[in-house]
2 protein chains.
Amino acid sequence: MYDFRFYNPVRIHFGKDALTHLPEELASVGRKILLVYGGGSIKASGLYDRVTAMLQDAGKEVFELSGVMPNPRTEKVYEGINLCKQNDIEFILAVGGGSVIDCSKAIAVGAKTERDFWQAFFVNWEEAKDAIPLGTILTLPATGSEMDRSSVITNWTTGEKNGYDSDLTYPMFSILDPTLTYTLPRNQIVNGVADTLSHIWELYFSEPDTESVTDALAEALMRSVISATRTALKDPTDYVARANIMWASTFALCGMLNNGKKTDWASHNIEHPLSAVFDVAHGAGLAVVHPNYMQYFCGYAPERYARYAVQVWGVDPAGKSSLEVAHEGIRCTREFFNEIGAPATLTDLGIPESAIEDLAARTDLSCWAYKEMTREDVKAILRMAL
Amino acid sequence: MYDFRFYNPVRIHFGKDALTHLPEELASVGRKILLVYGGGSIKASGLYDRVTAMLQDAGKEVFELSGVMPNPRTEKVYEGINLCKQNDIEFILAVGGGSVIDCSKAIAVGAKTERDFWQAFFVNWEEAKDAIPLGTILTLPATGSEMDRSSVITNWTTGEKNGYDSDLTYPMFSILDPTLTYTLPRNQIVNGVADTLSHIWELYFSEPDTESVTDALAEALMRSVISATRTALKDPTDYVARANIMWASTFALCGMLNNGKKTDWASHNIEHPLSAVFDVAHGAGLAVVHPNYMQYFCGYAPERYARYAVQVWGVDPAGKSSLEVAHEGIRCTREFFNEIGAPATLTDLGIPESAIEDLAARTDLSCWAYKEMTREDVKAILRMAL
């Protein structure tokens, strides 16, 4: 177990009545609020009206940034930064999924510097000195951004999708009401689950592989996600299943599953150019990339992948080599993704073979788990995914 | 799953080099420090010298409160409060186990009021308005106090052992170095493990009993604790086992296992008078009380206890009723406690049958899980424990 630091100050309000805690949170923040959201779904669901009424009752002056897209882009961040600077925004309230929250985090640090936010933070990784505080109301469980310090932004001009971390971008609070996810389109649930599982894998499949509390928690979480997804897809209003998916996706990236682990993130890095160039949903990209990444690299950690097969999928290891058991576990993973209707190939994502060279060239190779990843490895993995 | 709030701002530094983070933490706290510790063990181990050298290098003025005993008492808290008030203490550094940390938390809130700390907080449960910030260096994994907001203090005059919670008593940081636990006496490890398991049971054995992420995490944690304890007792310097025990005991009470659960705490409440009157170690008392509590009440939630038996102890449920499986799980629990040398009876603790009436009379009956607990129930459970 590696030495670790754990720190996560986000206040979570979780449950059917979570939104009723918004007024108490608003009581301690400034008057001028930037409300950030995506398309029309929060208006259609009535959430927009409930939230704006609470903001009004709290005496807040509200400015709006709407139209945040999946794979949120630099242009939208600049728009938000300008709004904040022009109106002396004191607090950002993000209502939506990971894209809306990530965009809000980038605005939060970008609005407090005279530097270009992209260059300073997402390219040069400078330490942010100040940020506008933010809170979130989550509508789409997937990215874990509601309880982490990370933000991922896409620069459409350069074709880059980069991340940034800062303790200043932990949300002050996050409101998680599983009933808000009842009306999500099926593909968004599926992409969210693929994202959640991928996050757990990025942490679980990395050294050290000794027996650890962290790994045991990761396995428990994977089993919960898989079981709850099957239930939720059958009955979209099963509260317990929805609550389990939502809390699992949040827990997966709250830092607890990093503790003591090297962590990987190579599959995320392979996926980022897919989103940056072809604008595919992040979770859909991961559903295609990650099982092939596993297949390609599992030979370097057969015992760990075999453990995954046994603990998560109940594979019987009797009379089989670790590698055989590992392959069975990866087959179970693919079968689960097929069962829930996740995409399986680059073709499913509308990405042609001819793009592989360019996608591999754009892949950040700095992260890997059991064996250093080369550009040739990335190409091979993407070819497996055709 | 019940609605829940989760909030835990404690910064954890965990690992072999965790103590090297003390100077960076000290940089942001006041100059006048109260160093709180127990007996001579931190002097014998050299930890006292390392910590005081770091305090000196950081330019701190150090005051000391030593001799904090197991089941920390009101007298020691008053002594600490006086030291804080007389010397304008700005920060409390607790070096020890749960007793030292709990005592420090009580001092932290008590020093910031003119009221009597015991009456105001531990009897009337008034909301603390201010507290001296504190940090901890943990030497004994058990109570979880290093990452929670709770404190338990014994009033030897009244024979009460009461608790108090406040967001103001979350440690600012906690330093957890598993190698500091290598030299612990065996019975302290065993008592700590009993305390840790009991904490998990207090949360796990309570409604709702639907499939939940929280329960899955609890089961994973129990299996980890049991496995790591067996290893650590065989080889006291097995780092991974020590690290797993330490992190599991901290995680057990960080709030993650409360999420969505009613929680119980009746076994803790039955144990408290045992400590308050007979000064038995808290973990030892729980090792005696909790399995009997399970046995006595499992009939009110046989499926939950059967699930525990299957998931934690690998009991084969085939052809058995839930209650039969439940009883097997409780038998496994008792056998594990016997195996590691935990006390099993009131006699082991030196408590005579004649004390039962008085102990039951002192038990706080306000907490329970599946069935309201009466004083007769407490007596029956204590009689089972003879």
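These numbers were taken from a predicted model, which means no experiment stands behind them.

1. Regarding the overall build of chain A
Here is step 1 of the chain: Each helix and strand counted, chain A has 15 helices and 9 strands in total.
Here is step 2 of the chain: Scaling as 2.2 N^0.38, a compact globule of 386 residues should have a C-alpha radius of gyration of about 21 Å, and chain A matches this with 20 Å.
Here is step 3 of the chain: Taking the principal axes of its C-alpha atoms as reference, chain A extends roughly 70 × 45 × 40 Å.
Here is step 4 of the chain: Counting over 386 residues, chain A shows a buried share of 55%.
Here is step 5 of the chain: Across chain A, the fraction of contacts at a sequence separation of at least 24, relative to all contacts at a separation of at least 6, is 78%.

2. Notes on the relation of the copies chain B and chain A
Here is step 1 of the chain: Turning chain B through 180° and shifting it by 0.0 Å along the axis lays it on chain A, with an RMSD of 0.0 Å. The relationship between the two copies is best expressed as a two-fold rotation axis. Residue P9 of chain B, judged by its C-alpha, is the member of chain B lying nearest the rotation axis, at 2.1 Å.
Here is step 2 of the chain: When the interface residues of chain B are mapped onto chain A, 100% of them again lie at the interface, so the same face is used by both copies.

3. Comments concerning the sheet that holds strand β2 (residues 11-14) of chain A
Here is step 1 of the chain: Read across the sheet, 7 strands follow the order β4(A)-β3(A)-β5(A)-β6(A)-β9(A)-β2(A)-β1(B) without closing on themselves; strand pairing throughout is mixed. One side of each edge strand has no neighbouring strand; the edge strands of this open sheet are β4 (61-65) of chain A together with β1 (4-6) of chain B. Here the strands of the sheet are splayed against their neighbours by 15° on average, with no regard to which way each runs.
Here is step 2 of the chain: Bridge analysis of β2 of chain A against β1 of chain B gives 3 bridges, and the strand direction is antiparallel. The partner of F14 of chain A across the bridge, within β1 of chain B, is F4 of chain B.

4. Quick word on the packing of helix α8 (residues 213-234) of chain A against helix α9 (residues 239-252) of chain A
All names here are of chain A.
Here is step 1 of the chain: For the pair α8 and α9, interaxial distance at closest approach is 8 Å and the crossing angle is 145°. Our pair here, α8 against α9, has a crossing hand that is left-handed. Between α8 and α9, the residues in contact are L221, S224, V225, A228, T229, T231 and A232 and A241, R242, N244, I245, A248, F251 and A252, respectively.
Here is step 2 of the chain: Counted by class, the contact of α8 with α9 contains 9 nonpolar, 4 polar and 1 charged residues.

Conventions used here
- Residues numbered from 1 in each chain as written.
- Chains lettered and ligands numbered in written order.
- Predicted model: local features only at pLDDT ≥ 70, side-chain atom pairs only at ≥ 80, totals over all residues.
- Helix = DSSP H or I, 4+ residues; strand = E, 2+ residues; numbered from the N terminus.
- Rg over C-alpha atoms; globule rule 2.2 N^0.38 Å.
- Buried ≥ 20, exposed ≤ 12 C-beta atoms within 10 Å, placed from the backbone.
- Contact = placed C-beta atoms within 7 Å.
- Least-squares fit on C-alpha atoms with pLDDT ≥ 70 in both.
- Pairing = 2+ DSSP bridges.
- Axes fitted to C-alpha atoms, helices over the stretch in contact; angles between N-to-C directions.
- Left-handed = near helix turned anticlockwise from the far one by under 90°.
- Nonpolar A, V, L, I, M, F, W, Y, C, P; charged D, E, K, R; others polar.

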